[in-house]
Amino acid sequence: MDYKKAGVDIEAGYRSVELMKEHVKKTMRPEVLGGLGGFSGAFSLSKIKEMEDPVLLSGTDGCGTKVKIAMILDKHDTIGIDAVAMCVNDIACAGGEPLFFLDYIACGKNDPEKIADIVKGVAEGCLQAEAALIGGETAEHPGLMAADDYDLAGFAVGVCDKKDMITGENLHAGDVLIGMASTGIHSNGYSLVRQVFNMKREALDTYYDDLGCTLGEALLVPTRIYVKALKSIKSAGVKVKACSHITGGGFYENVPRMLKEGTRAVIQKDSYPVPPIFGMLSKDGDIEEKMMYNTFNMGLGMIVAVDEADADRAMEAIRAAGDTPYIVGRIEAGEKGVELC
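To start, this report covers the structure provided alongside it. Remember, it's a predicted structure, so these values are computed and weren't measured experimentally. (Residues numbered from 1 in each chain as written. Predicted model: local features only at pLDDT ≥ 70, side-chain atom pairs only at ≥ 80, totals over all residues. Heavy atoms only, no water.)

**As for the overall build of the chain**
Argument step 1. Of the regular secondary structure elements, the chain holds 12 helices and 14 strands.
Argument step 2. Against the compact-globule benchmark of 20 Å for 341 residues, the chain has a radius of gyration of 21 Å, which places it among compact chains.
Argument step 3. The C-alpha extent of the chain, read off along each of the three principal axes, is 70 × 55 × 30 Å.
Argument step 4. For the chain, the residues scored as buried account for 52% of the 341 residues in total.
Argument step 5. By sequence separation, contacts in the chain at least 24 residues apart represent 86% of the contacts at least 6 residues apart.
Argument step 6. For the chain, the exposed surface amounts to about 15500 Å²; the carbon and sulfur share of it is 50%.
Argument step 7. Counting 36 positive and 51 negative side-chain charges, the chain places the centres of these two groups 3 Å from one another. (Helix = DSSP H or I, 4+ residues; strand = E, 2+ residues; numbered from the N terminus. Rg over C-alpha atoms; globule rule 2.2 N^0.38 Å. Buried < 20%, exposed > 50% of the residue type's maximum accessible area, 1.4 Å probe, protein only. Contact = heavy atoms within 4.5 Å. Areas by Shrake-Rupley, 256 points an atom, 1.4 Å probe, with all protein chains shown as cover. Lys, Arg positive; Asp, Glu negative; His and termini not counted. Charge placed at Lys NZ, Arg CZ, Asp CG, Glu CD.)

**Some points on the nonpolar core**
Argument step 1. Judged by nonpolar contacts, the single largest core of 97 residues is most densely connected at Phe197, Leu219 and Phe251.
Argument step 2. No other element matches helix H3 (residues 79-93), which puts 10 residues into this core.
Argument step 3. In contact with Leu219, not counting residues within four places along its chain, are Lys66, Ile69, Ile185, Tyr190, Val193, Phe197, Met199, Leu204 and Ile277.
Argument step 4. Core analysis: the second largest hydrophobic core is formed by 9 residues, Val32, Ile48, Phe100 and Ala132 among them. (Core = buried A, V, L, I, M, F, W, Y, C linked by side-chain atoms within 4.5 Å.)

**Quick word on helix H8 (residues 227-235)**
Since one α-helical turn is 3.6 residues long, residues separated by three or four positions face the same way.
Argument step 1. Along H8, the residues that are buried comprise Val227, Ala229, Leu230, Ser232 and Ile233.
Argument step 2. Two residues or fewer past H8, Gly237 is found with a positive phi of approximately 85 degrees.

**Focus on the pattern of salt bridges**
Argument step 1. Tallied over the full model, the rule gives 18 salt bridges.
Argument step 2. Note that Arg29 is salt-bridged to Glu97, the shortest N-O span being 3.1 Å. Separated by 68 residues along the polypeptide, Arg29 in the loop between helix H1 (10-25) and strand S1 (32-33) and Glu97 in strand S4 (residues 97-107) bring together distant segments of the chain.
Argument step 3. Arg29 gets classed as buried once you look at its relative accessible area, which sits at 15%.
Argument step 4. Among the residues examined, Glu97 registers a relative accessible area of 27% and is labelled partly exposed.
Argument step 5. Here Asp205 ties to Arg201 by a salt bridge, and the two come within 2.9 Å at their closest N and O atoms.
Argument step 6. Using a relative accessible area of 38% as the deciding quantity, one classes Arg201 as partly exposed. (Salt bridge = Lys/Arg side-chain N within 4 Å of Asp/Glu carboxyl O.)

**Considering the environment of Met71**
Argument step 1. Locating Met71 in the fold gives a position in helix H2 (residues 66-73).
Argument step 2. Distance from Met71 to Asp148, taken between C-alpha atoms, is 7.7 Å for residues 77 residues apart in sequence.
Argument step 3. Beyond its immediate stretch of four places on either side in the chain, Met71 contacts His76, Asp148, Asp149 and Tyr150.

**So, the sheet that holds strand S3 (residues 54-62)**
Argument step 1. The 4 strands lie next to each other as S3-S6-S4-S5, forming an open sheet whose pairing is mixed. Across the chains shown, the open sheet's two edge strands, defined by having one partner strand only, are S3 and strand S5 (132-140). The average undirected angle you get between the axes of adjacent strands in this sheet is 15 degrees.
Argument step 2. Relative to strand S6 (residues 150-161), S4 is paired through 10 bridges, and the arrangement is antiparallel. Opposite Pro98, over in S6, you have Gly158 as the bridge partner.
Argument step 3. H3 contacts S3, S4 and S6 of the sheet and is inclined by roughly 30 degrees relative to S6. (Pairing = 2+ DSSP bridges. Axes fitted to C-alpha atoms, helices over the stretch in contact; angles between N-to-C directions.)

**Structural notes on the side chain of Asn188**
Argument step 1. Position of Asn188 among the secondary structure elements: in the loop between strand S7 (176-181) and helix H5 (190-196).
Argument step 2. Asn188 sits in the buried class, given a relative accessible area of 17%.
Argument step 3. From its side chain, Asn188 meets the backbone nitrogen of Gly248 in a polar contact 3.3 Å long.
Argument step 4. Ignoring sequence-local partners within four residues, the contact set of Asn188 consists of Met86, Thr247, Gly248 and Phe296. (Polar contact = N/O pair within 3.5 Å; in protein donor to acceptor, adjacent residues only side chain to side chain.)

**What to know about the sheet that holds strand S13 (residues 325-333)**
Argument step 1. The strand order across the open sheet formed by 6 strands is S10-S12-S7-S13-S11-S14, and the pairing between neighbours is mixed. Both edges of this open sheet fall to strand S10 (242-245) and strand S14 (337-340), since each of them pairs with a single strand only. Neighbour-to-neighbour, the strand axes of the sheet open up by a mean angle of 25 degrees, direction not taken into account.
Argument step 2. As paired strands, S10 and strand S12 (residues 300-306) are joined by 4 bridges and run antiparallel to one another. Each residue of the ladder has a partner; that of Ser244, found in S12, is Ile303.
Argument step 3. Helix-sheet contacts for helix H12 (residues 311-320) involve S7, S12 and S13, and the interaxial angle to S7 is about 10 degrees.

In structure tokens form, the structure reads like this:
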């Protein structure tokens, strides 16, 4: 008896590391110390010394059951972008700059090419976020997971000067809400998605004119990373007063998290286009509108609040970063919460 006969292939693990090295190298920042393969990732904090009062920010998340669709379609090179996005968007939402990322892949059986494909997506997400991929773990779990199954999660660390943190404490009535377009469903609500749509390969490969692609392609579009957009707003000299990353729980759970007591967000549902995938979900699943806005991002992945006088500059900065902004509402005085009208 040996470890391979028990279900864990150490040699496959070595090959996975070799295959992923080319992708990891692309994400390196000057602060990274050492290379891939050490017992820990090392990252110099020398630049932080330039800050008045540096604050470290962290985020950890996964892709949820979206990975199941990647498995059905046997397409694994973008799901890693989702894992990165879910972590770095939270850090950027607090005013931070993501510094580095670590991934964790649990699988039933280590397929080196598949693992390398997953890490390729992780590396692409890190490039989009300008964060270094400094470490990770691939764990083989025979007997616990089916051979073809895997799960993906990640952890990110960022930094910001305390004076630049986005806290919502300076919000006041009259501030403008700007939403940034999502790329689709992102990485939340897929347990409901998988109940609504037929998850057979042939159904996912069906092309829809309204979507402009197959259903499977629409469902696997990676989560948008908004790090550069928020950096661009800051570089334009605009102060983001509050920010909300629209993830699980949709508008009703996430928007109130950006508010201080005595303020409420009023969002106009017709102020931006809702991607057609959400219409399909609502119709095919007979999902009422409030539940849609309480589960999905409905076309807005990030919402920021800025002073009315800064709205035009913020919009220009967002466009300059490659994102699409919409003025979607305002802050009003009142009981803390969100109103969709």
